[in-house]
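Architecture at a glance
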Amino acid sequence: MGTGTTGTARKARRAGGRAAVWGGAAALALPLAVVAWGGTAEAASCNLSTGPYQRQVEKFLGRPVDGRQSAADCAAVRAFQRSHAISPAQGYAGPLTWRAMSTMLAQRAAGTTPNRAGACPVDRGRIACVDLTRQLSWIQDGAALKYGPVPVRTGKDGTETRTGLKRIYHRSIDHWSTVYNVSMPYAQFFDGGIAFHSTAKSMWNPPGSGGCVNMRSADAKAYWNLLGKGEDVYVYGRKPGT
């Protein structure tokens, strides 16, 4: 979320690289994180307490499911937390970590039929759908899926992405937010300062955006090429944790 100016001169102000990208539904078949236990320094920063979501997290990560935290469990959980900048990354199977994992499971379950329940309108031609509950987006034309589904990162508690039928009113391929002082490549604004745009952050990085629908670079670029000014966007559901 944000407003600002455009121009190639803004490119020099971008910080860091772009995140690795995957395309379409295949992106949701995420690898399981299993890592070996390290030495003494590693042990010092790992929480060996059993968390409230221990069994669920063990199953998600392909660990032996016994409901008891082990050194190897802790290392695997911490690797997952670090890969998505979930803090504190101490290997504890708590609610924030399980929320990210359960969202991933819901995204995988969507497969190639994300609008199976018919929540996104099929009578408006081409439309970009955003399901806040599953943190998932796709483009459809009528009932035909044109792109996705892909994971997205929407507004956090207090700056939620607003729901309802919207319309893209402004596009800025090289946008710079003067509100957040960050780059917003492939920005397509559809609700005030709320836009689709790419980010280098993990799609499962809590707590969420300032209201925008964050996307991986390849997905934001695909949306840029498939959508245009005046096209519909439908946002529904509720982001977990808001």
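Its location among the elements puts Gln81 in helix α3 (residues 71-83). Among the polar contacts made by the side chain of Gln81, one reaches the side chain of Thr97 at a distance of 2.9 Å. Those residues in contact with Gln81, other than ones at most four positions away along the chain, are Ile86, Pro88, Ala89, Gln90, Gly91, Tyr92 and Thr97.

Attention shifts here to the confidence of the model for the chain. Per-residue confidence for the chain gives a mean pLDDT of 87; residues scoring 70 or more make up 82%. Every residue in residues 3-27 scores below 50 in pLDDT, and together they form 57 contacts with partners more than four places removed in sequence or on other chains.

Further remarks concern the environment of Met215. Locating Met215 in the fold gives a position in strand β9 (residues 213-215). According to the relative accessible area criterion, Met215 is buried, its value standing at 0%. Met215 sits 64 residues away from Pro151 along the chain, and the two C-alpha atoms are 7.2 Å apart. Among all residues touching Met215, those that are not within four sequence positions of it are Val150, Val152, Phe196, His197, Ser198, Thr199, Met203, Ala220 and Tyr223.

What follows concerns the packing of α3 against helix α4 (residues 95-110). The interhelical angle for the contact between α3 and α4, taken along N-to-C directions, is 75°, at an axis separation of 11 Å. The orientation of α3 with respect to α4, classified from their angle, is roughly perpendicular. Counting all contacts with α3, which are made through Val77, Phe80 and Gln81, the residues of α4 involved are Thr97, Ala100, Met101 and Met104. Among the residues forming the contact of α3 with α4, the class breakdown is five nonpolar, two polar and no charged.

In the sheet, strand β3 (residues 136-141) pairs with strand β4 (residues 144-151) via five bridges, with the strands oriented antiparallel. Bridge pairing in β4 links Ser137 to Val150. In this structure, the hairpin formed by β3 and β4 is closed by a connection of two residues, where Gly142 is found at a positive phi of approximately 65°.

Moving on, we get to the sheet that holds β3. Strand order across the open sheet formed by five strands is β4-β3-β2-β10-β5, with mixed pairing between neighbours. Strands at the two margins of the open sheet, each flanked by one partner only, are β4 and β5 (164-167). On average, each strand axis in the sheet is tilted by 20° relative to the strand beside it, whichever way the strands run. On top of the sheet, helix α5 (residues 217-226) reaches β2 (126-131), β3 and β4; it is set at about 150° to β4, its chief contact.

For the coordinates displayed, the defined rule picks out two disulfides. Between the sulfur atoms of Cys46 and its disulfide partner Cys74 the distance amounts to 1.8 Å. Around the S-S axis, the bridge from Cys46 to Cys74 shows a dihedral of about -120° and counts as left-handed. Remark: Cys74 occurs in helix α3 and Cys46 occurs in the loop between α1 (40-44) and α2 (54-60); sequence separation between them is 28 residues. Grouping residues by exposure puts Cys46 and Cys74 together as buried.

The next point concerns α4. Between its terminal C-alpha atoms α4 stretches 22 Å, which fits the 22 Å expected from 16 residues at 1.5 Å a residue. Restricting attention to buried positions, one finds in α4 the residues Thr97, Trp98, Ala100, Met101, Thr103, Met104, Gln107 and Ala110. In the core, the buried residues of α4 are packed alongside α2, α3, β3 and β4. Positive backbone phi, approximately 55°, marks Gly111, located one or two places after α4.

Attention now goes to a nonpolar patch on the surface. On the surface, Val179, Tyr180 and Val182 cluster together to form a nonpolar patch covering roughly 260 Å² of accessible area. By the element assignment, Val179 lies in the loop between β6 (170-177) and β7 (182-191). For Val179, a relative accessible area of 52% puts it in the exposed group.

What counts as what
Residues numbered from 1 in each chain as written. Predicted model: local features only at pLDDT ≥ 70, side-chain atom pairs only at ≥ 80, totals over all residues. Heavy atoms only, no water. Helix = DSSP H or I, 4+ residues; strand = E, 2+ residues; numbered from the N terminus. Polar contact = N/O pair within 3.5 Å; in protein donor to acceptor, adjacent residues only side chain to side chain. Contact = heavy atoms within 4.5 Å. pLDDT = per-residue confidence, 0-100. Buried < 20%, exposed > 50% of the residue type's maximum accessible area, 1.4 Å probe, protein only. Axes fitted to C-alpha atoms, helices over the stretch in contact; angles between N-to-C directions. Parallel < 35°, antiparallel > 145°, perpendicular 65-115°, else oblique. Nonpolar A, V, L, I, M, F, W, Y, C, P; charged D, E, K, R; others polar. Pairing = 2+ DSSP bridges. Disulfide = S-S within 2.5 Å. Expected span 1.5 Å × (residues − 1). Patch = residues over 30% accessible without salt bridge, like charges linked within 9 Å, V, L, I, M, F, W, Y side chains within 5 Å. Areas by Shrake-Rupley, 256 points an atom, 1.4 Å probe, with all protein chains shown as cover. Salt bridge = Lys/Arg side-chain N within 4 Å of Asp/Glu carboxyl O.

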